[in-house]
Amino acid sequence: MTLQVQPVARRITAVAWLPPHAGAAYNDARLSFVTGSGGKHRELALWTTGNPDFADSTTDEDQTAAAATLAARVAHDGDVRGIAAVSSQTIVTASSFGTVSVYQTDDGAAAAERARLELRESMTAHRFGDSAPAAATDVAVQPGAAASDAEVASCGEDGAIAYARAARLDALQRFEVDSTAVTGVCWPTSTQTAACTRAGQVKVFDRRAPADVAAVLIASQTAAAAPSSSSALAFECIAAHPSQSFRLATGTNAGSVLLWDTRNMRAPVIEAFNVHRASVWDVCFDPVGSSSSFVSCSDDASLAVTQWSADPASSSSSPAAADMDGSPSSSPARPVRHISSFFNVLSVNCLDVCAFTRASVIVAGSDSGNLLIDKVPASDHHFRLF
């Protein structure tokens, strides 16, 4: 299936799939996701799109390939810098005004009601030393926790990470962890967070001792990670592997994605994949199948699906994987599927890969005012990705 480009007249800056209402997989023909925008139109939007798992015939596939349908829209306080789903009916957002907000959502499918997207609570999480609001840059939800107990982690340009339960933002805790902007945060496990910075560092924290840095991971600048010796390596985003908690991915300002094996925090194994020509704004491990690929998007107006290992257990033992001194080695040739369109010429800012379907379904947003949707049915997954 080819890339679907849908004009929405909004600069899409964040996107997240919603989990199904019940069970571990969708049981209907529609998928739901939320987008956030910035600039002139600061808002959240709830969308539905066809589930390719139900495309059993040509006619059905044509129907599920239809454009995403707008279900609800609501104004947002500031540019939306990040979205994370707590449950099928609760999401959290990060704002350029430094706030973390909780929204209630309902696509209307369960009870033939009108879809809704409503603000429940908002709290300023990030401030500079003079008390001026600092832009929040990302937000992530604790995995494996019930929606009523799940904790939210946000990061910002104030160099801080803030934690709060999604059910009670007013109990927020804030910790300064860096002197530069913290650009991304994720939860490798339910008790561990990892954050990346514009100084080219990954910092790991134990939530049980949040004021202390458990580890600082640094990728030495090499030709594999930066285009020239004069370039400063900065990290723009970070992602945790869905099943291998020791594995992280970071996107850089040089167009590369660094894959980290952190089983030895003192000497992490790092592999560099030079898949883009400009800054990588978002990266996500593909949860479909063996999770041995990742998806990235870039300022070069493209998405890329990269197979980093046919056998996930083999990469860390490969002699060519990386140097043990923390310097990323250039990856051997790996299959990469680049996704772009003549109708989308500006930066692709954000992406998410659906974890609730057998097919690989990617949704992304761009500065061109487009939604980008790529669906590869499960039967074609291994043949059409690479």
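Quick caveat, the model's predicted, so the values are computed rather than measured.

K.L.:
Could you give an account of unusual backbone geometry, with specific residues and numbers?
P.N.:
Located in the positive-phi region is Ser131, a residue other than glycine, with phi close to 75°. With respect to the element layout, Ser131 can be found in the loop between β9 (116–124) and β10 (136–141). According to the relative accessible area criterion, Ser131 is partly exposed, its value standing at 46%.

K.L.:
Lay out the packing of aromatic side chains in plain terms, naming residues and giving numbers.
P.N.:
Taken as a whole, this structure holds 7 aromatic pairs when the rule is applied. Taken together, a centroid distance of 5.2 Å and an interplanar angle of 70° make the contact between Trp17 and Phe33 edge-to-face. Of the two residues, Trp17 is situated in strand β2 (residues 11–17) and Phe33 in strand β3 (residues 30–38); the sequence distance between them amounts to 16 residues. The pair formed by Trp17 and Phe33 is uniform in burial state, with each residue classed as buried. Here the aromatic rings of Phe273 and Phe294 are separated by 5.4 Å at their centres, their planes lie at 80°, and the arrangement is edge-to-face. A residue pair is termed long-range when its members are at least 10 positions apart, and Phe273 in strand β21 (residues 269–274) and Phe294 in strand β23 (residues 293–298) qualify at 21 residues. Each member of the pair, Phe273 as well as Phe294, is classed as buried. An aromatic cluster is defined as three or more aromatic residues linked by ring pairs; in this entry it consists of Trp17, Phe33 and Trp47.

K.L.:
Quick one: what's the story with the sheet that holds strand β15 (residues 192–197), residue by residue and with numbers?
P.N.:
One open sheet holds the 4 strands; their spatial order is β14-β15-β16-β17, and the pairing between them is antiparallel. Of all strands in the sheet, those with a lone pairing partner are β14 (182–189) and β17 (213–218), marking the two edges. Between one strand axis and the next, the sheet turns by 20° as a mean value, whatever way the strands run. As paired elements, strand β16 (residues 201–206) and β17 share 5 bridges and run antiparallel to each other. Looking at β17, one finds that Gln201 is bridged to Ile218.

What counts, and at which threshold
- Residues numbered from 1 in each chain as written.
- Predicted model: local features only at pLDDT ≥ 70, side-chain atom pairs only at ≥ 80, totals over all residues.
- Heavy atoms only, no water.
- Helix = DSSP H or I, 4+ residues; strand = E, 2+ residues; numbered from the N terminus.
- Buried < 20%, exposed > 50% of the residue type's maximum accessible area, 1.4 Å probe, protein only.
- Phe/Tyr/Trp six-rings, centres within 6.5 Å; stacked < 30°, edge-to-face > 60°.
- Pairing = 2+ DSSP bridges.
- Axes fitted to C-alpha atoms, helices over the stretch in contact; angles between N-to-C directions.

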